[in-house]
Structure formats: structure tokens, C-alpha cells
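# A structural walkthrough
What follows is the residue order along each chain.
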Amino acid sequence: MKLNFTKMQGAGNDYIYIDCRAAGLPPDAAAWAVQLSRRHFSVGADGVIYLCPPLRADGDAAMRMFNADGSEGVMCGNGVRCAAEFLYTHGVRRDCIRIDTPSAGQRVLHRVGDGLWQVEMGRFTAAPDAVGAVGLGGGPLLDVPLCAGGRAWRVHCVAVGNPHCVVFCDKVDAVDVPNVGPLFEYSEYFPERVNTEFVRVVNDTTLKMRVWERGNGETLACGTGA
């Protein structure tokens, strides 16, 4: 089978883009994501993003994101910025582009320079139902105790289209993210899994973040996580 694709990255988040605006989402979209995302043995990426027909009358396209493990994601801040650049390069020559998603609604993106896009992510929520968290209280889930890997943590659980568990720590470089990340992703507190950020406050204007993304593992960046 011959397949046309574009490989793009935003802040280190790399995705394979397939234009499905004419044909619609392929039935084997999840299987393609697993096959194509394998690093060293295939194209290699954090996942595959399919650009589909818009869901709203004012939309330019819809974005369906599938992680490297074949699970479908809800939203990706860096991925949607690359999607806007793809659309701009392939005929949607406007400085404001609207991209629909099935679960997270529409995102409005503004072109702020050559290859640079800013996305309006909307307000975050710390409500347990939005985060998909159970057993952590009635919310808001800010600075709440959580036990993972036999250790007590203080966490902030927020959703910006998709769910995140944020952990502030002094020595972020020392965190064993490949082993600690899965403890959060597959925790009983998050039945639908969760993205986890380990963050150090450098100064009043700078944070240093490492991220474990559900369905992908440790990645170089996460737009909604930031």
C-alpha cells in the first residue's frame, strides 16, 4: 500500500500527519498509528494525526490523534499547532485557522510568524469528572495527596482538553520518569489513564518540566501539559 504522509514536530513532539479531508478517517487508523510510530523500525513518532473533514460549519478541518500505542488522544497542544501549519501549507491560507476535535471541541489558532502558531487552549478545570479521577475527593483537585509506587505525593490534577497530573519537585532531573511515569498513568485513581508532569520552579518566569504522556511514554514536550 502506498501512503502519503508528512512528518512534523512542535517543541519536540513529533507526529505523522495524514490528510483524510477527502476520504475521511480510515477504519484501521489505530493500527496504522502503532505500525508507523515505531521508532527505528518504521517512520517513528509520538503518534499519528489524521486531518479529517470539519465537524462544525466554521471549522477548517477536524483532528483525530492516535498515540503510539494505538489509543486515541483527546487533544495535543503541539500537535494541533503543527496541524494548523499543515493546513496553511496545503491551501488554507489564512492567519486564523479553526480545528475541530470530537471530544475537546474547537481550537482557534493564530499565525504569529513563519511556521509559528499560537493556540487558544481555553480555561483549565480541576474538577474530578473532567480529569477522570476517582478517590481523590470532590475537587478542585489542587494540592491533593496521592499514593503511587508506595510513596506519598502532593499533586495537582487538571484538564485542558485532556487530563494531567502535575507534580512539583526540587530535583526534576533526578526523577526516574520511565519508571515513575507508568505508576501515575496506570494508577487506580485514573481509570482512563493520565499524563503526568514533573516540574521544578526555576524562577518567577521559568518552569522546567519533564512529561510522561499516556499512550506514548516520556516525550520531549507537551503543549497542554505546559
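Residues numbered from 1 in each chain as written. Predicted model: local features only at pLDDT ≥ 70, side-chain atom pairs only at ≥ 80, totals over all residues. Heavy atoms only, no water.

A count of helices and strands for the protein gives four helices and 13 strands. Relative to its length of 226 residues, the protein is compact, with a C-alpha radius of gyration of 18 Å against a globular reference of 17 Å. Overall, the C-alpha framework of the protein stretches about 50 × 35 × 30 Å when taken along its three principal axes. When each of the 226 residues of the protein is scored for burial, the buried share is 50%. The contacts in the protein between residues at least 6 apart in sequence include a share of 55% that link residues at least 24 apart. Put simply, the protein shows about 11100 Å² of open surface, and 51% of that area lies on carbon and sulfur atoms. (Helix = DSSP H or I, 4+ residues; strand = E, 2+ residues; numbered from the N terminus. Rg over C-alpha atoms; globule rule 2.2 N^0.38 Å. Buried < 20%, exposed > 50% of the residue type's maximum accessible area, 1.4 Å probe, protein only. Contact = heavy atoms within 4.5 Å. Areas by Shrake-Rupley, 256 points an atom, 1.4 Å probe, with all protein chains shown as cover.)

In this structure, the amide linkage connecting Gly139 to the following residue, Pro140, adopts the cis form with an omega of 0°. Within the chain, Ala11 stands out as a residue other than glycine whose phi angle is a positive 55°. Positionally, Ala11 belongs in the loop between strand E1 (6–10) and strand E2 (13–19). Although it is not a glycine, His40 adopts a positive phi angle of roughly 75°. Mapped onto the elements of the fold, His40 is located in the loop between helix H1 (29–37) and strand E3 (47–52).

Moving on to helix H2 (residues 77–89). Residues spaced three or four apart along an α-helix point in a common direction, a consequence of the helix completing one turn every 3.6 residues. Compared with an ideal rise of 1.5 Å per residue, which puts 13 residues at 18 Å, H2 spans 19 Å between its outermost C-alpha atoms and is within 8% of the ideal. Counting buried positions over the 13 residues of H2 gives eleven, a clear majority of the element. Residues Gly77, Asn78, Gly79, Val80, Cys82, Ala83, Ala84, Glu85, Phe86, Leu87 and Tyr88 constitute the buried set of H2. One or two positions beyond H2, positive phi appears at Gly91, with a value near 110°. (Expected span 1.5 Å × (residues − 1).)

On the basis of which strands lie adjacent, the open sheet formed by seven strands has the order E1-E2-E3-E4-E5-E6-E7 and mixed pairing. Every interior strand has two partners, whereas the edge strands, E1 and strand E7 (116–120), have only one. This sheet shows a mean twist of 35° between the axes of neighbouring strands, independent of strand direction. Note: E3 against strand E4 (residues 61–67), six bridges, orientation antiparallel. (Pairing = 2+ DSSP bridges. Axes fitted to C-alpha atoms, helices over the stretch in contact; angles between N-to-C directions.)

By the definition in use, this model includes zero disulfides. Cys82 takes part in no disulfide bond, and the closest cysteine sulfur to it belongs to Cys76, at a distance of 8.0 Å. With a relative accessible area of 5%, Cys82 lands in the buried category. Cysteine Cys157 shares no disulfide, and the gap to the nearest cysteine sulfur, in Cys165, comes to 4.2 Å. (Disulfide = S-S within 2.5 Å.)

Take the side chain of Asn162 next. Relative to the helices and strands, Asn162 is located in the loop between strand E9 (151–159) and strand E10 (163–168). Asn162 gets classed as buried once you look at its relative accessible area, which sits at 7%. Among the polar contacts made by the side chain of Asn162, one reaches the main-chain carbonyl oxygen of Met75 at a distance of 2.8 Å. Polar contacts involving the side chain of Asn162 include one to the side chain of His164, which spans 3.3 Å. Each residue touching Asn162, except ones within four places of it in the same chain, is listed here: Val74, Met75, Asn195, Arg214 and Thr224. (Polar contact = N/O pair within 3.5 Å; in protein donor to acceptor, adjacent residues only side chain to side chain.)

Attention shifts here to H1. Of the positions making up H1, those classed as buried are Ala29, Trp32, Ala33, Leu36 and Ser37. For H1, the arc enclosing every buried residue in end-on projection is 110°, short of the 170-degree limit, so these residues lie on one face. Of the surrounding secondary structure, the elements contacted by the buried residues of H1 are E2, E3 and E4. (Arc of directions from axis to C-beta.)

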